[in-house]
Amino acid sequence: MRIYKDIFTGDEMFSDTYKIKLVDDVLYEVYGRLVTRKAGSIEIAGFNPSAEEADEGTDEAVESGVDVVLNHRLQETFAFHDKKSYTLYLKDYMKKLVAKLEEKAPDQVEIFKTNMNKVMKDILSRFKELQFFTGESMDIDGIVGLMEYRDIDGDSVPVLMFFKHGLDEEKF
């Protein structure tokens, strides 16, 4: 299994247990689904809960939401009230990302900038439909994931978007 973590905060953002698509070598699209489950339980494909858990006959709290958000403890942020506030964050964040990329792979910087501008122009055109998520630390100096709902085969599917170069991939 691979876990994708924010390079600045170390927060876990998503894993490879979901359908993932890489767009223009700069943006991961992670396809989630809406779920309802007992509060506090984590459900990951291929994982079976312990048979030792006993039902004590009490009312159980239930939580509903997008599986990626619940499983990785992402926190919705309302820091971006308009396109201008998000654009200011994005400029600062991209400066930090480019600095990191110049250290690790200087030959990729120009390609990254070109592709990122194209991708962000498209995303910003849909700004009003987006929700914003930070990692568990709620630090907006790190990566802020974007989420929108898309109509796929007649279903409304939550799609989270994360900048590839803002993530470290860890194998487990």
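Residues numbered from 1 in each chain as written. Predicted model: local features only at pLDDT ≥ 70, side-chain atom pairs only at ≥ 80, totals over all residues. Heavy atoms only, no water.

The chain is annotated in an unreviewed UniProt entry as Translationally-controlled tumor protein homolog of Neodiprion lecontei. According to its UniProt record, the chain has this under Sequence similarities (unreviewed entry): "Belongs to the TCTP family." According to UniProt, the comment filed for the chain under the heading Function (unreviewed entry) is "Involved in calcium binding and microtubule stabilization." (UniProt positions renumbered as here; feature names shortened; annotations may be inferred.)

When you look at the packing of helix H2 (residues 83-104) against helix H3 (residues 109-124) in this model, what are you seeing that I'm missing?
A pair of packed helices can be characterised by two numbers: the angle between their axes and the separation between those axes. Closest axis-to-axis distance for the H2/H3 pair is 12 Å, and the angle between their directions is 160°. As judged from the angle between their axes, H2 and H3 are roughly antiparallel. In the packing of H2 onto H3, the handedness of the crossing is right-handed. Along its contact with H2, which presents Lys-83, Tyr-86, Thr-87, Leu-90, Met-94, Leu-97, Val-98, Leu-101 and Glu-102, the element H3 presents Val-109, Phe-112, Lys-113, Met-116, Met-120 and Leu-124. Residue composition of the contact of H2 with H3, grouped by class: eleven nonpolar, one polar and three charged. (Axes fitted to C-alpha atoms, helices over the stretch in contact; angles between N-to-C directions. Helix = DSSP H or I, 4+ residues; strand = E, 2+ residues; numbered from the N terminus. Parallel < 35°, antiparallel > 145°, perpendicular 65-115°, else oblique. Left-handed = near helix turned anticlockwise from the far one by under 90°. Contact = heavy atoms within 4.5 Å. Nonpolar A, V, L, I, M, F, W, Y, C, P; charged D, E, K, R; others polar.)

Got a minute to help me understand the pattern of salt bridges in this structure?
Pairs can form between side chains of opposite charge whenever their charged atoms are close. For the structure on display, the rule yields eleven salt bridges. Lys-5 is the partner of Glu-170 in a salt bridge, and the nearest nitrogen-oxygen pair spans 3.6 Å. With Glu-170 in strand E11 (residues 167-171) and Lys-5 in strand E1 (residues 2-6), this pair connects stretches of sequence that are 165 residues apart. A residue is classified by how much of its surface remains accessible, and Glu-170, at 32% relative accessible area, is partly exposed. Look at Lys-5 and you get partly exposed, because its relative accessible area is 21%. With a closest N to O distance of 2.9 Å, Glu-29 and Arg-150 form a salt bridge. Of this pair, Glu-29 sits in strand E4 (residues 27-31) while Arg-150 sits in strand E9 (residues 145-152), and the two are 121 residues apart along the sequence. Since its relative accessible area comes to 22%, Arg-150 is described here as partly exposed. (Salt bridge = Lys/Arg side-chain N within 4 Å of Asp/Glu carboxyl O. Buried < 20%, exposed > 50% of the residue type's maximum accessible area, 1.4 Å probe, protein only.)

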